[in-house]
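So the chains spell out like this:
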Amino acid sequence: GGYTMVSDTTDVAIAPPQGNWPGRVIFCNSRGGTLDEAVPLLVYLGGPRGFDPDRRWEIPFRSGYEASAADLNTDGLVELVAVNAGSVSEDNPYLGVSIFWGYGTGFDTSRRTVLPEKGVGTSNVADLDRDGYLDLVLGTYYWTKPETLIIYYGSSAGFDDSHRVTLQVNQASPSSTLGWIGPPTIADFNGDEWLDLVATCSHTNDVWIFWGSPKGFDSGRSTRLRTPGPYASETADLNRDGYLDLIIGTYNQYRGGHHDTGAVIFWGGEKGFRSWDAQWLPGFWVAGLTVADFDDDGFLDLFCSHYHGELTREFLPSYLYWGGPDGFATRRRTVLIGDSVHDAVAGDFDHDGRLDLALSCHTTDVDHRIFSRVFFNDGHRFVNPRIVSLPTLGTHGCGARTWVTSTIVDGNRFMNPRCFIGRRPERRDDSATRPRYQEQRS
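All figures in this text were calculated on a predicted structure; none of them were measured in a lab. (Residues numbered from 1 in each chain as written. Predicted model: local features only at pLDDT ≥ 70, side-chain atom pairs only at ≥ 80, totals over all residues. Heavy atoms only, no water.)

## Focus on the overall build of the chain
Next up, step 1: When you go through the chain residue by residue, the secondary structure sums to 0 helices and 31 strands.
Next up, step 2: Buried residues in the chain amount to 55% of all 442 residues.
Next up, step 3: Within the chain, contacts between residues at least 6 apart in sequence are counted, and of these 48% link residues at least 24 apart.
Next up, step 4: In the form shown here, the chain has an accessible surface area of approximately 19,300 Å², with 52% of it arising from carbon and sulfur atoms. (Helix = DSSP H or I, 4+ residues; strand = E, 2+ residues; numbered from the N terminus. Buried < 20%, exposed > 50% of the residue type's maximum accessible area, 1.4 Å probe, protein only. Contact = heavy atoms within 4.5 Å. Areas by Shrake-Rupley, 256 points an atom, 1.4 Å probe, with all protein chains shown as cover.)

This is the structure we're talking about:
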């Protein structure tokens, strides 16, 4: 029983038993691939000048799709949460979510906790119930119906089924869709000091916000926003009005099949998010969103990772939109080239005081052996950046996926830009100097 993962096989040969050798089946794969997707997780270690291809850890793994990092057991060491997407044989003992516990200056690969789940593709970490223990939020992948968020609440004993709850996301037509949930974003959007969850359903064109409370989450206590093919999500107070804004990266328009649906900013306000109070920015399957002040002018900027064009995924332009007193403009941007960029992370990797940008690339020439790229900030809006290429293997997902990107591990600290924990900053009366985005809104 069971099956073996192959990759666009063009021919099969059968070798009969011979001597001590059993019968064998040989698959000729046209697009690369390994037996049962045995591809290691790659952790690149930082140094005085950033990263080096020869300075990395390789952690044995299968079908890695996404990862997060945090100090889950409050011992001062960072743990790695790696998601096995479930496209390998179901008898794999590591199918689901693997937690590699921090040990010394790295991870103890022999001491692994596995949370068995089929069809999980995304994750995030936060203390949702405010009990002092970090919780795991998992999003299901495209072959599970209906789309579901899975929450493992942390406790003094760690994570187990007794603290597992599910939250049905797709409430519109749960029996007729076959989509996936993008990486969940966690933030306190309404200022009640309880964290809320954002889940995107690409195949139903829905963005769902589930409102946190002392009793947890309930599918009936949610807000629905509509936009074509939503996948990536991110949040930040882009216009400095004291309210978090919600940014959505879109996949495609399903009826026409076009991938140029770009990114949408839903502006936060006293009455929450409204579909008409939004701004659109051009892009091609925006699979990842990165917010930071790259030019240090006091205004947040937005990098959109472009994964798929109309006919190609190779050598695609990704857009870094520059924020300003008038908000964002469609042509005020810098173009950075990458091959099927699925996500990016900002960090001062060379300690020169400027934020750099690491791009996670997925494929080129239908081959997943590829080079991801780190663009070092030149202080001139990346006009002439230093670029370091790092060999990776089909990196995927929004954030730290098959290599640690969106999660920056620095000693005993971690940063996850997809989670805003804590109280919303107090509103201030700066209407005279606050950026006016109204002219940019559609």
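Back to the write-up after that little detour.
## Section: the sheet that holds strand E11 (residues 148–152)
Next up, step 1: With antiparallel pairing, the 4 strands of this open sheet are ordered in space as E9-E10-E11-E12. Since the sheet does not close on itself, it has two edges, and those belong to strand E9 (120–126) and strand E12 (164–168), each with one partner. Strand after strand, the sheet turns through a mean of 20° between neighbouring axes, direction not considered.
Next up, step 2: Bridge analysis of strand E10 (residues 135–140) against E11 gives 4 bridges, and the strand direction is antiparallel. Along E11, the bridge assignment pairs Gly139 with Leu149. (Pairing = 2+ DSSP bridges. Axes fitted to C-alpha atoms, helices over the stretch in contact; angles between N-to-C directions.)

## As for the sheet that holds strand E21 (residues 286–292)
Next up, step 1: On the basis of which strands lie adjacent, the open sheet formed by 4 strands has the order E21-E22-E23-E24 and antiparallel pairing. Every other strand in the sheet has two partners, leaving E21 and strand E24 (333–338) as the edge strands with one partner each. Taking each pair of neighbouring strands and ignoring which way they run, the sheet shows an average axis angle of 25°.
Next up, step 2: Sheet topology note: the strand E23 (residues 316–321)/E24 ladder contains 6 bridges and is antiparallel. Counterpart to Tyr319 in the pairing with E24 is Val335.

## Quick word on the packing of aromatic side chains
To describe a pair of aromatic rings, one takes the distance between the centres and the angle between the planes.
Next up, step 1: Inspection of the entire model under this criterion finds 9 aromatic pairs.
Next up, step 2: Among the aromatic side chains, those forming a connected cluster through ring pairs are Tyr251, Trp285 and Tyr307.
Next up, step 3: Directly above the aromatic system of Tyr94 lies the positively charged group of Arg112, at a separation of 3.8 Å from the ring centroid. (Phe/Tyr/Trp six-rings, centres within 6.5 Å; stacked < 30°, edge-to-face > 60°. Lys NZ or Arg CZ within 6 Å of the ring centre and 35° of its normal.)

## Some remarks on unusual backbone geometry
Next up, step 1: Residues other than glycine seldom take positive phi values, yet Arg240 does so here, at roughly 55°.
Next up, step 2: Within the secondary structure layout, Arg240 lies in the loop between strand E17 (230–236) and strand E18 (245–250).
Next up, step 3: You will see that Ser340, though not glycine, has its phi angle at about 50°, which is positive.
Next up, step 4: With respect to the element layout, Ser340 can be found in the loop between E24 and strand E25 (341–347).
Next up, step 5: What makes Ser340 buried here is its relative accessible area of 0%.

## Description of the pairing of strand E22 (residues 301–306)
Next up, step 1: Counting buried residues in E22 gives 6 out of 6 residues, a clear majority hidden from the surface.
Next up, step 2: Of the two faces of E22, the one holding Asp301, Phe303 and Ser305 and the one holding Leu302, Cys304 and His306 are both buried throughout.
Next up, step 3: By the bridge criterion, 6 bridges tie E21 to E22 in an arrangement that is antiparallel. Residue pairing across strands places Val291 opposite Leu302, the latter belonging to E22.
Next up, step 4: Pairing of E22 with E23, which is carried by 3 bridges, proceeds in the antiparallel orientation.

## Section: the confidence of the model for the chain
Next up, step 1: Taken over all residues, the pLDDT of the chain has a mean of 81, while the share at 70 or more is 79%.
Next up, step 2: Low confidence marks residues 397–442, where pLDDT is under 50. Its contacts with residues over four positions away, or in another chain, come to 153 contacts. (pLDDT = per-residue confidence, 0-100.)

## Description of the environment of Phe376
Next up, step 1: Take Phe376: it is sitting in strand E27 (residues 369–376).
Next up, step 2: Take Phe376: its relative accessible area is 2%, and that puts it in the buried class.
Next up, step 3: Excluding anything up to four places from it in sequence, Phe376 contacts Arg49, Gly50, Phe349, Asp350, Asp356, Phe382, Pro385, Arg386 and Val388.

## Observations concerning the nonpolar core
Next up, step 1: Judged by nonpolar contacts, the single largest core of 25 residues is most densely connected at Leu238, Leu289 and Leu302.
Next up, step 2: Formed by 17 residues, the second largest nonpolar core is a distinct cluster that contains Ala126, Leu197, Cys201 and Phe210. (Core = buried A, V, L, I, M, F, W, Y, C linked by side-chain atoms within 4.5 Å.)

## Quick notes on the side chain of Thr200
Next up, step 1: For Thr200, the position within the fold is in strand E14 (residues 196–201).
Next up, step 2: With a relative accessible area of 1%, Thr200 lands in the buried category.
Next up, step 3: Among the polar contacts listed, one links the side chain of Thr200 to the backbone nitrogen of Gly182, at a separation of 3.1 Å.
Next up, step 4: Beyond its immediate sequence surroundings of up to four residues, Thr200 is in contact with Trp180, Ile181, Gly182, Asp206, Val207, Pro230, Tyr231, Ala232, Ser233 and Ile248. (Polar contact = N/O pair within 3.5 Å; in protein donor to acceptor, adjacent residues only side chain to side chain.)

## Remarks on the pattern of salt bridges
Next up, step 1: With the rule as written, the count across this model stands at 11 salt bridges.
Next up, step 2: Two residues, Asp108 and Arg111, come together in a salt bridge whose shortest N-O distance is 3.9 Å.
Next up, step 3: With its nearest N and O atoms 2.8 Å apart, the salt bridge here joins Arg381 to Asp295. On the criterion of sequence distance, the pair formed by Arg381 in the loop between E27 and strand E28 (386–393) and Asp295 in the loop between E21 and E22 is long-range, its members being 86 residues apart.
Next up, step 4: Judged by relative accessible area, Asp295 falls into the partly exposed class, the value being 23%.
Next up, step 5: Salt bridges sharing common partners tie together Asp206, Arg224 and Arg226. (Salt bridge = Lys/Arg side-chain N within 4 Å of Asp/Glu carboxyl O.)

## What about the side chain of Thr185?
Next up, step 1: Here Thr185 shows up in strand E13 (residues 185–187).
Next up, step 2: Engagement of the side chain of Thr185 in a polar contact is seen with the side chain of Ser233, the distance being 2.7 Å.

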